[in-house]
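# Observations on the three-dimensional arrangement
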Amino acid sequence: MRLPHAPRSRRTTQSPTRTKRSHKRSRTGEVGEPPAPARRRLIDYPRHGRRGLRRWTPSWKLVSGVALLSAVSLGGLLAVVYAQVEIPGAHDSARRQASVYYWADGSRMVSVGDVNRQDVTLAQVPASVQRAVIAAENADFYSDSGVSFTGIGRAALSIIEGEETQGGSTITQQYVKNTYLTQDQTVSRKVKELVLALKISNRKTKAEILEGYLNTSWFGRDSYGVQAAAYAYYGVPAKDLDAGQAALLATLLKGADSYDPSLSPANHRRAVDRWSWVLDRQVETGVLSAAERATYKDFPEPRKPVKPTSQAGQTGYLVDIANKYLKSRGGITDKDLAGGGYRVHTTFEKDTVDALAKAVEKVRKDGLDPEKRPADRHVEVGAASVRPEDGAVVAVYGGADAITHFSNNADTSGVPAGSAFKPFVYAAALEYGSGPEPSGKDTAPPGPLAPDTPVAVPAFMGSPLARAMLGTGHAPFVNAGKKVGLRNVRRMAVSAGLREESMAKLEPTFSIGTSTPSAVRLAGAYTTFVNHGSRTEPYSVASVERDGVPVDGFTRPEPLRAMRTEVAAEVSASLLNTGQNALAALAKEELVEREDRGDPGDPAAGEDQGVRAPRPAGAPVWAGGTNAGDYMRSAWFIGSTEKLSTAITMFRTKPDTPQLLGMQGVGGPDTERGNVFPVRIWGTYLRTVDPGSLEPSAGLLPPRDGATSGGARNTPDDPDAPDTSDAPDDPDDPQQAQGPGTDQEADTAQEPGTAQELGTTS
């Protein structure tokens, strides 16, 4: 009989480790339960139980959780902002403030900024314009929500890669900014723009948004809206624009100050490239066929800009120079200026501007006869006066009338300087080549010579360059440029204040003045010699306010050292003698005029008849300019006193002709290719603004017979005359200034004899 098995008891197998743990004693010495596991952290970072790099690598759960939390928080924030931000009333164009420009004495010069805007319905805007604008600014306009974060990302990526791009903002966002917000670049304004764009997209149709955008956008030339722009650029209503013209208007939305093709050659190049891209973009987006695109090969040149009548005479040129300075120093754009509200206090002196204009008109009237002499036709004059003390531009002459002659001759680069450039070659030879050794520490303070400081003629005046400064020869300067290096010559000219963009190719003729600086820049550069080698950047705006708040960035420029004091003194000696020659020539001409009138020279009656009464010896005059040996198709004279440095140029240019016309025969056969006229303008001008400077000073080399303008005329009997055998045989050869040479050293180039504006930001 088998006995039943007793039930087996369950036996638990424990590892030695667990057994040991279960028998650990508590702090009191008793055997207790195993310790409770550690509490899990809400955010496991750094990661528990990991070592090395894995400890600091967040888990996918943590990453996704943070991303989700951020998205929810941002969404909540946007929801709150969306609920709180209300759509404000649209801007009232009638309340837009004008910008006011003031003379140096604080009196009002002109008010600029009446809004030029004509609203049209979308039905009055041709499909070609709508397609071009959408393709250029927001290809996904009809499908987006009004805000495109991917568009912002694409714009940033394209900028990094250097490619063309649509704007980062959608058309809806731009419409909101134009209509409801300011142009301030702030984070709060951008957030408000995004929220309002979403609200506007929910309340307005796409057609309404596009219509509003086209009516409020800035196209340049004081034009708000496509209708005003169509008239400003092509003289037709918007409904008559073709696809080529529409592409240019769409191009201008990227920034009229950079893409208006009439403003500068660089603008023209940018405009053509962007115009072509806009047309190609329409083909890419399928709104323009390749066949129709092929019909638009020629760039549709817009008409010339027209200034408002309030800017007649010299006023428009003054505003032009002031605006260039505003944009270069303060980062202010044309669109900002069009928004109005600025109070611009300029450095221009009304009486000085009037005196300069009257001097030009008088000399033109007395010396030119376009009806009888064909060579007197198409003659232009540009002039500018800079105060040596601080670099303030106090007067300019930009042309006969800013309304009828748009180009600003005072600020135009394209007129070769000729021998007026030679002082900088001389200075470079002294500064970087062989010349007088420095006498010691350069301690001369910036500023003009004191009135009682005697003007000494340095011993180095016997050098070939010093003597050549008084003549018409070019060979010494060509040789000096070759010896010292053309890069150093250019370096000296730029250090003195000429803009590098106006420098010509670095070839042998560079040293005889193939570069094309403006009158403003040459007037400023000559103050370097008046100020013992220091120069101050020319400035035309003393201060700016907007809505009563001062605008930063318009403090007076500080003087800079351009050359050693000894170098400036050496060059000054030659310029001072040239100035005496010019004064002597003016006195001789005045005597002849007085004799022709039968004037006995009664000092009491002299003032009424335009004859100066005798005066004691005047202040020094530093002078330079072109002469009979120059064939640059331009005439220059720069006369600098302690009070005023004035540069005057005369040249001939014909509309639609890129090259300057020759100066041979201008004013008759005895005017040395027109070189007598700039110095006559200067003399007539100074009789009004600084008459004390028109008396030759003692202690300098005597003037030579036949001296007329910037240099003395050498006669065949003069044994000391510099070699002029390098002068060209053909006085009207337009390429003489180029000559043989190489441009291997050149990194900037400007074709002499081509009038064009560079915007010298004076």
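Attention in this report is confined to the structure presented alongside it. (Residues numbered from 1 in each chain as written. Predicted model: local features only at pLDDT ≥ 70, side-chain atom pairs only at ≥ 80, totals over all residues. Heavy atoms only, no water.)

## Some thoughts on the packing of helix 17 (residues 422-432) against helix 20 (residues 486-495)
To be explicit about the condition: Each axis is a line fitted through C-alpha atoms, and for a helix only the stretch in contact is used; angles between axes span 0 to 180 degrees, taken between their N-to-C directions. Note on conventions: DSSP H or I runs of at least 4 residues are helices, E runs of at least 2 residues are strands, and numbering of each starts at the N terminus. Working rule for angles: under 35 degrees goes down as roughly parallel, over 145 as roughly antiparallel, 65 to 115 as roughly perpendicular, anything else as oblique. Should the near helix be turned anticlockwise from the far one by less than a right angle, the crossing is termed left-handed; should it be turned clockwise, right-handed. Any two residues whose heavy atoms approach within 4.5 Å at even a single point are treated as in contact. Three categories are distinguished: nonpolar for Ala, Val, Leu, Ile, Met, Phe, Trp, Tyr, Cys and Pro, charged for Asp, Glu, Lys and Arg, and polar for the others, with Gly belonging to the last.
At a minimum axis distance of 8 Å, the contact between helix 17 and helix 20 shows a crossing angle of 110 degrees. With respect to each other, helix 17 and helix 20 are oriented roughly perpendicular. Helix-helix and strand crossings are classified by hand; for helix 17 and helix 20 the assignment is right-handed. For the pair helix 17 and helix 20, contact is made by Phe424, Val425, Ala427, Ala428, Glu431 and Tyr432 and by Asn488, Val489, Arg491, Met492 and Ala493, respectively. Its residues placed into classes, the contact of helix 17 with helix 20 shows eight nonpolar, one polar and two charged.

## Description of the side chain of serine 223
As for its position among the elements, serine 223 is in strand 4 (residues 223-224). Excluding residues within four positions of it along the chain, serine 223 makes contact with Asn116, Ser217, Trp218, Ala228, Ala229 and Ala232.

## Overview of the pattern of salt bridges
The following threshold applies: Only one rule defines a salt bridge in this text: a Lys or Arg side-chain nitrogen within 4 Å of an Asp or Glu carboxyl oxygen.
Considering all chains together, one arrives at 19 salt bridges under this definition. With a shortest N-O distance of 3.1 Å, arginine 680 and glutamate 589 are connected by a salt bridge. Of this pair, arginine 680 sits in helix 24 (residues 676-689) while glutamate 589 sits in helix 22 (residues 565-597), and the two are 91 residues apart along the sequence. What you see here is one network of salt bridges that share partners, running through Glu349, Arg387, Asp390 and Arg556.

## Here we look at the environment of glutamine 130
Rules: Within 3.5 Å is the distance limit for a polar contact, defined as a pair of N or O atoms, with the added protein rule that one can donate a hydrogen and the other accept it, and that residues adjacent in sequence qualify only through two side-chain atoms.
Note that glutamine 130 resides in helix 4 (residues 127-137). A sequence separation of 120 residues divides glutamine 130 from alanine 250, and the C-alpha atoms of the two residues are 9.0 Å apart. Once you skip the residues sitting within four places of it in the chain, glutamine 130 turns out to touch Leu122, Val125, Tyr142 and Leu210. Within polar-contact distance, the side chain of glutamine 130 engages the backbone oxygen of valine 125 at 2.9 Å.

## A look at the packing of aromatic side chains
Selection rule: Aromatic rings from Phe, Tyr and Trp, taking only the six-membered ring of Trp, are treated as a pair when their centres fall within 6.5 Å; an angle between ring planes under 30 degrees marks them as stacked, one over 60 as edge-to-face, and anything in between as tilted. The buried label applies to any residue whose accessible area, calculated with a 1.4 Å probe on protein chains only, is under 20% of its type's maximum; exposed applies above 50%, and partly exposed to all values in between.
In the structure shown here, the tally under the stated rule is ten aromatic pairs. When the centroid spacing of 5.5 Å and the interplanar angle of 90 degrees are considered together, the rings of tryptophan 275 and phenylalanine 299 count as edge-to-face. Taken together, the residues span a long stretch of sequence, with tryptophan 275 in helix 12 (residues 265-284) and phenylalanine 299 in the loop between helix 13 (290-294) and helix 14 (315-330) at a distance of 24 residues. Given the relative accessible area of 15%, phenylalanine 299 is considered buried. Consider the rings of phenylalanine 424 and phenylalanine 529, whose centres lie 5.9 Å apart with planes at 35 degrees: the pair is tilted.

## Details of the nonpolar core
Filter applied, for reference: The nonpolar core is taken to be a set of buried Ala, Val, Leu, Ile, Met, Phe, Trp, Tyr and Cys residues, with the residues joined through side-chain atoms within 4.5 Å.
Residues Tyr101, Phe348, Phe421, Phe424, Leu522 and Trp682 are the most contacted members of the largest nonpolar core, which totals 107 residues. The contact partners of phenylalanine 348, leaving out residues within four places of it in the chain, are Trp103, Ala104, Met109, Leu318, Ile321, Ala322, Val353, Val393, Val394, Ala395 and Ser540. Counting residues in hydrophobic clusters, the runner-up holds 52 residues, among them Leu210, Leu253, Leu279 and Ala338.

## Thoughts on the pairing of strand 5 (residues 342-346)
Rule in force here: A pair of strands is labelled paired if DSSP reports no fewer than 2 bridges between them.
Taking every second residue as pointing to the same face, the buried face of strand 5 carries Tyr342, Val344 and Thr346, while none of Arg343 and His345 on the other face is buried. Where strand 5 meets strand 10 (residues 541-546), five bridges bridge the pair, whose relative direction is antiparallel. The residue of strand 10 that forms the bridge with tyrosine 342 is arginine 546.

## Description of a nonpolar patch on the surface
Short version of the rule: Distance thresholds for patches are 9 Å for like charges and 5 Å for nonpolar side chains (Val, Leu, Ile, Met, Phe, Trp, Tyr), applied to residues having over 30% relative accessible area and no salt bridge. In short, Shrake-Rupley with a 1.4 Å probe defines the accessible areas, and a residue's cover is counted only from the protein chains shown.
A cluster of nonpolar side chains, namely Ile43, Tyr45 and Trp56, defines an oily patch on the protein surface of about 340 Å² accessible area. Following the sequence through the fold, tryptophan 56 ends up in helix 2 (residues 53-56).

## Considerations on the environment of tyrosine 234
Here tyrosine 234 lies in helix 9 (residues 226-234). Separated by 68 residues in the primary sequence, tyrosine 234 and proline 302 place their C-alpha atoms 5.6 Å from one another. Apart from residues lying up to four places away in sequence, tyrosine 234 is in contact with Ala229, Leu241, Gln245, Leu248, Pro300, Glu301, Pro302 and Arg303. Only 2.6 Å separates the side chain of tyrosine 234 from the backbone oxygen of proline 300, close enough to count as a polar contact.

## Some thoughts on unusual backbone geometry
Look at arginine 221: it is not a glycine, yet its phi comes out positive at around 55 degrees. Along the polypeptide, arginine 221 turns up in the loop between helix 8 (206-216) and strand 4. Phi at histidine 378 takes a positive value of approximately 65 degrees, unusual for a residue other than glycine. As for its position among the elements, histidine 378 is in the loop between helix 16 (350-367) and strand 6 (379-386). Its relative accessible area of 34% is what places histidine 378 among the partly exposed residues.

## Description of the side chain of glutamine 314
Residue position: glutamine 314 is located in the loop between helix 13 and helix 14. Taking relative accessible area as the criterion, glutamine 314 reaches 10% and is therefore assigned buried. Only 2.9 Å separates the side chain of glutamine 314 from the backbone nitrogen of glycine 398, close enough to count as a polar contact. If sequence neighbours within four positions are ignored, glutamine 314 has contacts with Val353, Ala357, Val396, Tyr397, Gly398, Gly399 and Ala400.

## Observations concerning helix 9
Side chains three or four residues apart in an α-helix point the same way, a direct result of the helix having 3.6 residues per turn. A large share of helix 9 lies buried, amounting to eight of its nine residues. In this fold, the buried residues of helix 9 make contact with strand 3 (116-117), helix 4, helix 8, strand 4, helix 10 (243-252) and helix 11 (256-259). Residue glycine 235 follows helix 9 closely and has a positive phi angle near 70 degrees.

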